Amino acid sequence: MQHSRGSSSRDPEGGDPAAASSTPSPLQEIVIADPVEMLLEEVVEETQPQGLMYGSSMRGRVAIVTGGATGIGRAIVLELARHGVHVAFNYFSYDESGEMRAEAERTAREVAQLEVRCHHCECDVRDSEAVGRFVDDVLERMGGLHILVNNAGIGRDGALWRLSDEKWRTVLDTNLTGAFHMIRAVAPHFRRHHDGKIVNVSSVHGIRSEFGLANYSASKAGVLGLTRSAALELGPSNVNVNAVAPGYIRTTRLTSGVPAEILDNARERAVLGRLGDPQDVANVVVFLCSELARHITGTVIPVDGGHLL
Ligand code: NDP
């Protein structure tokens, strides 16, 4: 673009400018396009990314990870903390056992050992007011917010003709509406500061379904649509929005809730011949949260060992 600037009155060949006007030259086309290019340059200037600071680009930033007490969310929380990011995470207890609180405290203790700040609390992502309070609380306690990872998610599987309204709604409300609540709550802050990274945890089942997953697949496909829309609307404010689509990942939820036969099939289907680890997903999420991925937005990265091939 620079070459069109200030060169409009000069003949590039050094000849007669009048002669040049008889046959349109490539330069004239550039001159005509100049106002458009100026406009484009202004837009580009407005969305300039952060400078690349290799190795330390994330240190001191603040992240929210939903559902960060266990499984993939926990691995993301810890990996962000290893990169010097202060982390807030939430969880939600569906029962009175206190088990989730204990898990959350265990994760928070590990984060504290990495010498970053950590805040955790119970917050149901289905409840938009609770989400608003959680985000405000994080902003006040941590003094800022730069990263949101929408990881909280559940499955309530069943043949679609037997799926109750409750199972349909709970899964859609948690996996899709919960992510929307979070993005809507952080968007004003990210837009004001012209800075932000959002990563949504979808699933290979948001791309290709299997029997009994109508509610889960619909929610995770919805997350991909939400990712594209949010990327489109927040991109001009220098906010990157992407998704990851994990295949079968070895978490307690998976190994305790999914029959061994399905896990064996999943292992065979992945061309790498194995299930993934939570750390495999965390590595990609943290990459997407970093300035190394500053020119990636609105896309989905499968982390599935080749399951979708
Ligand atoms: P986990 O159950 O360990 O993690 C999910 C987390 O979300 C839990 O901490 C859970 O808390 C929390 N959560 C659930 N409902 C809510 C809610 N309403 N409000 C706030 N937090 C909530 O499972 P995974 O680590 O396996 O899953 C993490 C994400 O990865 C999910 O979105 C899942 O769909 C996705 N995924 C997982 C795959 C896998 O193979 N494991 C494959 C593809 C995608 P609690 O336990 O108290 O309910």
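Everything numeric in this text was worked out from a predicted model, so none of it was measured. (Residues numbered from 1 in each chain as written. Predicted model: local features only at pLDDT ≥ 70, side-chain atom pairs only at ≥ 80, totals over all residues. Heavy atoms only, no water.)

A. The overall build of the protein chain, seen in detail. Across its full length, the protein chain carries 10 helices and seven strands. Among the 309 residues that make up the protein chain, the fraction classed as buried is 45%. At a minimum sequence separation of 6, the contacts of the protein chain that also span at least 24 residues come to 75%. Summed over all atoms, the accessible surface of the protein chain reaches about 16,000 Å², with 53% contributed by carbon and sulfur. (Helix = DSSP H or I, 4+ residues; strand = E, 2+ residues; numbered from the N terminus. Buried < 20%, exposed > 50% of the residue type's maximum accessible area, 1.4 Å probe, protein only. Contact = heavy atoms within 4.5 Å. Areas by Shrake-Rupley, 256 points an atom, 1.4 Å probe, with all protein chains shown as cover.)

B. Highlighting the nonpolar core. Counting 34 residues, the largest nonpolar core has I76, L80 and V244 as the members making the most contacts within it. Those elements giving two or more residues to this core turn out to be β1 (62-65), α3 (71-82), β2 (86-91), α4 (99-112), β4 (147-150), β5 (196-201) and α10 (278-289). Apart from the residues within four sequence positions on either side, V244 is in contact with V199, N200, V201, S202, S203, V281, V284, V285, L288, V300, I301 and V303. (Core = buried A, V, L, I, M, F, W, Y, C linked by side-chain atoms within 4.5 Å.)

C. Inspection of a nonpolar patch on the surface at higher detail. A surface patch of nonpolar side chains, amounting to about 470 Å² of accessible area, comprises L160, W161 and F211. By relative accessible area, which is 60% here, L160 ends up exposed. (Patch = residues over 30% accessible without salt bridge, like charges linked within 9 Å, V, L, I, M, F, W, Y side chains within 5 Å. Salt bridge = Lys/Arg side-chain N within 4 Å of Asp/Glu carboxyl O.)

D. Representation of the packing of helix α6 (residues 165-193) against helix α7 (residues 214-234) in the model. The geometry of α6 relative to α7 is characterised by a closest axis approach of 8 Å and an angle of 15° between their N-to-C directions. Here α6 lies roughly parallel to α7, going by the angle between them. At the point where α6 passes α7, the crossing takes the right-handed sense. Across the interface between the two elements, K167, W168, V171, L172, N175, L176, A179, F180, I183, A187 and R191 from α6 touch A214, N215, Y216, A218, S219, K220, G222, V223, L226, A230 and L234 from α7. (Axes fitted to C-alpha atoms, helices over the stretch in contact; angles between N-to-C directions. Parallel < 35°, antiparallel > 145°, perpendicular 65-115°, else oblique. Left-handed = near helix turned anticlockwise from the far one by under 90°.)

E. Geometry of the site of the ligand. For the ligand, the set of nearby residues contains 30 residues, the closest of which are I72, F92, N151, Y216 and I249. Within the side chain of Y216, a nitrogen or oxygen atom sits 2.6 Å from an oxygen atom of the ligand. A total of 870 Å² of accessible area belongs to the ligand in isolation, and the protein chains cover 93% of it. For the shell around the ligand, the per-class residue count stands at 15 nonpolar, 11 polar and four charged. (Near = heavy atom within 4 Å. Polar contact = N/O pair within 3.5 Å; in protein donor to acceptor, adjacent residues only side chain to side chain. Nonpolar A, V, L, I, M, F, W, Y, C, P; charged D, E, K, R; others polar.)

F. Up close: the environment of F89. As for its position among the elements, F89 is in strand β2. Sequence separation between F89 and G67 is 22 residues, and the spatial gap between their C-alpha atoms is 6.6 Å.

G. Main features of the pattern of salt bridges. What the rule picks out here adds up to 10 salt bridges. In this structure, E291 engages K197 in a salt bridge whose closest nitrogen and oxygen atoms are separated by 3.1 Å. Placement of E291 in the loop between α10 and β7 (300-303) and of K197 in strand β5 is noted, with a sequence separation of 94 residues between them. On the basis of relative accessible area, E291 is assigned to the buried category, the value being 6%. Judged by relative accessible area, K197 falls into the buried class, the value being 3%. In this structure, D264 and R267 form a salt bridge, with 2.8 Å as the shortest nitrogen-oxygen distance. Separated by three residues within a single helix, D264 and R267 lie in helix α9 (residues 260-269), roughly one turn from each other.

Scope: geometric values only; no functional claims are made or implied.
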